[in-house]
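Listed below are the residues making up each chain.
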Amino acid sequence: MRRRFTTLAVSAAIAGGVLFSAVPAQAAEGAVSARGKVTCHIGQMSEQVRAHKSKAAKLDARGQHKAAGKERAKARAIEKRIKQCQDADNNNPGPIGG
C-alpha cells in the first residue's frame, strides 16, 4: 500500500509540473499576439513629467515628503520611457528589405 501511494504521489506531482509549466507558455503566447503598435507622444509625456515635478515641489513645500518622492519617481519613470522612445527612433534601421 505504501509503495502504491508513493507512486501515485509522484505521478500526480509530475502531471502537476507539466500542467504548471505549460500555462506560462500559453499566457506568454497570448500576450505577444495581443500587442499592437507602440506609439510615443513625447510632447505629451514631457507635459506629464513637468506636472509631476510641479506637484512634487508643492508637496515638499507642504511637508509631505513621502508623497513628493512618489511624484518624482513617476516623473523619472516617464523620463525613462521618453529616453527609450528616443533611442528606439534613433536606432531603428527601418523596415526589413526596404
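Model, not experiment: these values are computed from the prediction.

Membership of the largest hydrophobic core is limited to five residues, which are Met45, Val49, Ala75, Ile78 and Ile82. For this core, the secondary-structure elements that each account for two or more residues are helix H2 (42-61) and helix H3 (65-91).

Over its 27 residues, H3 runs 38 Å from end to end, which matches the ideal 39 Å to within 8%, given 1.5 Å per residue. Buried within H3 we find Ala68, Glu71, Ala75, Ile78, Ile82 and Cys85. Along its buried surface, H3 packs onto H2.

What follows concerns the pattern of salt bridges. Overall, the coordinates contain six salt bridges when judged by the stated rule. Notably, a salt bridge pairs Lys74 with Glu71, separated by 3.5 Å at the nearest N-O pair. Of this pair, Lys74 and Glu71 both sit in helix H3, three residues apart, roughly one helical turn. Of the residues examined, Lys74 reaches a relative accessible area of 41% and is grouped as partly exposed.

Further remarks concern H2. For H2, spanning 20 residues, the distance from its first C-alpha to its last is 29 Å, which sits close to the expected 28 Å at 1.5 Å a residue. All of the buried residues along H2 are Met45, Val49, His52, Ala56 and Leu59. Down the axis of H2, the buried set is contained in an arc of 95 degrees. They therefore lie on one face. Residues Gly43, Gln44, Lys58 and Ala61 are exposed on H2 and point more than 90 degrees away from its buried face. Looking at the buried residues of H2, the elements they touch are H3. Looking one or two residues beyond H2, the residue adopting positive phi is Gly63, at roughly 90 degrees.

Conventions used here
- Residues numbered from 1 in each chain as written.
- Predicted model: local features only at pLDDT ≥ 70, side-chain atom pairs only at ≥ 80, totals over all residues.
- Heavy atoms only, no water.
- Core = buried A, V, L, I, M, F, W, Y, C linked by side-chain atoms within 4.5 Å.
- Buried < 20%, exposed > 50% of the residue type's maximum accessible area, 1.4 Å probe, protein only.
- Helix = DSSP H or I, 4+ residues; strand = E, 2+ residues; numbered from the N terminus.
- Expected span 1.5 Å × (residues − 1).
- Contact = heavy atoms within 4.5 Å.
- Salt bridge = Lys/Arg side-chain N within 4 Å of Asp/Glu carboxyl O.
- Arc of directions from axis to C-beta.

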